[in-house]
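Summary of the model geometry
Here's the letter readout for the chains.
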Amino acid sequence: MKPTVLQLSAILIPSIRDALAERFDLHRWFEVQDKPAFLAEHAARIRAVITGGHTGISRELMEQLPNLELITVNGVGTDAVDLAYARDRGIQVCATLGALTEDVADLAIGLLLSACRGIATSDRFVRSGQWASSPTPLAPLPLARQFSGMRIGIVGLGRVGRAVAVRAAAFGCPIAYTDLSAINDVPYEFVPSLLALAARSDALIVAAAADQAEGIIDAAVLKALGPEGYLINIARGKLVNEPDLLQALAAGTIAGAGLDVFAAEPNVPTALFANEAVVLQPHRASATVQTRTRMGQMVIASLDAVFAGQVPAGKVV
Ligand code: 8YV
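Right, let's walk through the structure included here. Remember, predicted model here, so these are calculated numbers, not experimental data.

On to the packing of aromatic side chains. Applying the stated criterion across every chain, the model contains four aromatic pairs. Consider the rings of phenylalanine 147 and phenylalanine 171, whose centres lie 4.6 Å apart with planes at 65 degrees: the pair is edge-to-face. Taken together, the residues span a long stretch of sequence, with phenylalanine 147 in the loop between α7 (130–133) and β6 (152–155) and phenylalanine 171 in the loop between α8 (159–170) and β7 (175–178) at a distance of 24 residues. Of the residues examined, phenylalanine 147 reaches a relative accessible area of 3% and is grouped as buried. Consider the rings of tyrosine 177 and phenylalanine 190, whose centres lie 5.4 Å apart with planes at 45 degrees: the pair is tilted. Within this pair, whereas tyrosine 177 is found in strand β7, its partner phenylalanine 190 is found in strand β8 (residues 189–190), the two being separated by 13 residues in sequence. Here lysine 35 stacks its cationic end above the ring of tryptophan 29, 5.1 Å away from the centre of that ring. Its end group placed over the ring of tyrosine 85, arginine 59 keeps NZ or CZ at 4.0 Å from the ring centre.

What follows is the structure in structure tokens.
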């Protein structure tokens, strides 16, 4: 009999979807209408859950799956899974570590470039016909901020943070970082205090894990970043105090922001929509065909491993 697997978030790659459906007795939670009835019928058979990094799994649902052996996260963030409870229950948790590093770092640079150079704003300027209709074509668009050579501060020098650093260094940007402690094998300057890092950076790029941190980018950090500074977040929305960020952007006490993640996705504060200093993305940093295929293959491999009694790659718990 095929092992029963519950899928909590959508997978967009057809070949991965087909492979999952072929190998497992697969149930898509987001398509289930009557969830209590579904659980009454299937809960005891469910041996594994597939979920997304942002979606995770509620403690309440974990408690209703008595024979759960594995939570496989189609992503790198495990902050939306109660790891301590999983550990207590002997449920393994794994993630697609390393699969999406390059894409997320690419988008971080893309957001910063776009925010500094006003790429999205200029695109809207051309599309709306303003360039052609304006008597002094460039007047409505302010001059942009140069990206090359900006002093970059990276918050969290894990896989993604390092990949961001390599890219920014290629643009001639001096790099400094903060983390829980200094990292020996990198040529970048370690700044223990986030506040001090913000004060000496032209752009702060948030690439930290959110398992144990919340609201670390707050009013004080944004003030230290200052009116010429940019904030980029490709990690988790909850790492930034969103009301403080809205306030700073509205008051112009930072220069701009590039955001792929938000506190209450998919709800984005509407105050951001009209703010040309901000570039917005709908949590898409890993959303390329290549990366999502690799992630899907890792998810399948983790299920195969656990059902064969082996340790899955990317095991976190
Ligand atoms: C994905 C993520 O969008 O890796 C993560 O933790 O949040 C993102 O890469 C998500 O996991 C897709 O399922």
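Read across the open sheet, the five strands follow the order β2-β1-β3-β4-β5; overall the sheet is parallel. Each of the sheet's edge strands pairs with one partner strand only, and the pair in question is β2 (25–28) and β5 (92–95). Taken pair by pair, the neighbouring strands of this sheet meet at an average axis angle of 20 degrees, ignoring direction. With four bridges joining them, strand β4 (residues 70–74) and β5 adopt parallel strand pairing. In the sheet register, threonine 72 faces β5, and the bridge partner there is cysteine 94.

Now for the environment of alanine 285. Among the structural elements, alanine 285 can be located in the loop between β12 (278–280) and α12 (289–307). Considering only alpha carbons, one finds alanine 285 and valine 104, 181 residues apart in sequence, at a separation of 4.7 Å.

One way to put it is that helix α5 (residues 101–117) packs onto helix α6 (residues 119–127) with a least axis distance of 6 Å and a crossing angle of 60 degrees. As far as their axial angle goes, α6 and α5 are oblique. Note on element contacts: α6 touches α5 through Ile119, Ala120 and Ser122, opposite Leu113, Ser114 and Arg117. Looking at side-chain class alone, the contact of α5 with α6 contains three nonpolar, two polar and one charged residues.

Turning our eyes to something else, we now look at the layout of surface pockets. Remark: the empty space left among the atoms is shown by a probe the size of a water molecule rolled over them. As a volume, the second largest pocket reaches approximately 620 Å³. Arg117, Gly118, Thr121, Leu141 and Pro142 are the residues nearest the centre of the second largest pocket, which is lined by 27 residues in total. At seven residues, α6 tops the list of elements feeding residues into the lining of the second largest pocket. Looking at the lining of the second largest pocket residue by residue, the class counts come to 18 nonpolar, five polar and four charged.

Take the sheet that holds strand β11 (residues 256–259) next. Spatially, the seven strands line up as an open sheet ordered β8-β7-β6-β9-β10-β11-β12, and their pairing is parallel. Looking at the sheet topology across the chains shown, the edges are occupied by β8 and β12. Pairing analysis gives four bridges linking strand β9 (residues 203–206) to strand β10 (residues 230–233), with the strands arranged parallel. Looking at the pairing, alanine 203 lines up with tyrosine 230 of β10. In the packing of α5 onto the sheet, the strands contacted are β6, β9, β10, β11 and β12, and the crossing angle to β10 comes to about 150 degrees.

So, about the site of the ligand. Taken together, Gly52, Gly53, His54, Asn74, Gly75, Val76, Gly77, Leu100, Arg236, His283, Ser286 and Arg292 make up all the residues around the ligand. With respect to the ligand, the backbone of glycine 77 contributes an N or O atom lying 2.8 Å from an oxygen atom. Out of a free accessible area of 330 Å², the ligand has 88% covered by protein chains. Taken together, the residues of the shell around the ligand break down into two nonpolar, eight polar and two charged.

Thresholds applied
Residues numbered from 1 in each chain as written. Predicted model: local features only at pLDDT ≥ 70, side-chain atom pairs only at ≥ 80, totals over all residues. Heavy atoms only, no water. Phe/Tyr/Trp six-rings, centres within 6.5 Å; stacked < 30°, edge-to-face > 60°. Helix = DSSP H or I, 4+ residues; strand = E, 2+ residues; numbered from the N terminus. Buried < 20%, exposed > 50% of the residue type's maximum accessible area, 1.4 Å probe, protein only. Lys NZ or Arg CZ within 6 Å of the ring centre and 35° of its normal. Pairing = 2+ DSSP bridges. Axes fitted to C-alpha atoms, helices over the stretch in contact; angles between N-to-C directions. Parallel < 35°, antiparallel > 145°, perpendicular 65-115°, else oblique. Contact = heavy atoms within 4.5 Å. Nonpolar A, V, L, I, M, F, W, Y, C, P; charged D, E, K, R; others polar. 1 Å grid on protein atoms, 1.4 Å probe; cavity = no way out; pocket = protein on both sides within 12 Å on 5 of 7 lines; lining within 4 Å. Points joined across faces, edges and corners; volume = space filled by probe spheres on them. Near = heavy atom within 4 Å. Polar contact = N/O pair within 3.5 Å; in protein donor to acceptor, adjacent residues only side chain to side chain. Areas by Shrake-Rupley, 256 points an atom, 1.4 Å probe, with all protein chains shown as cover.

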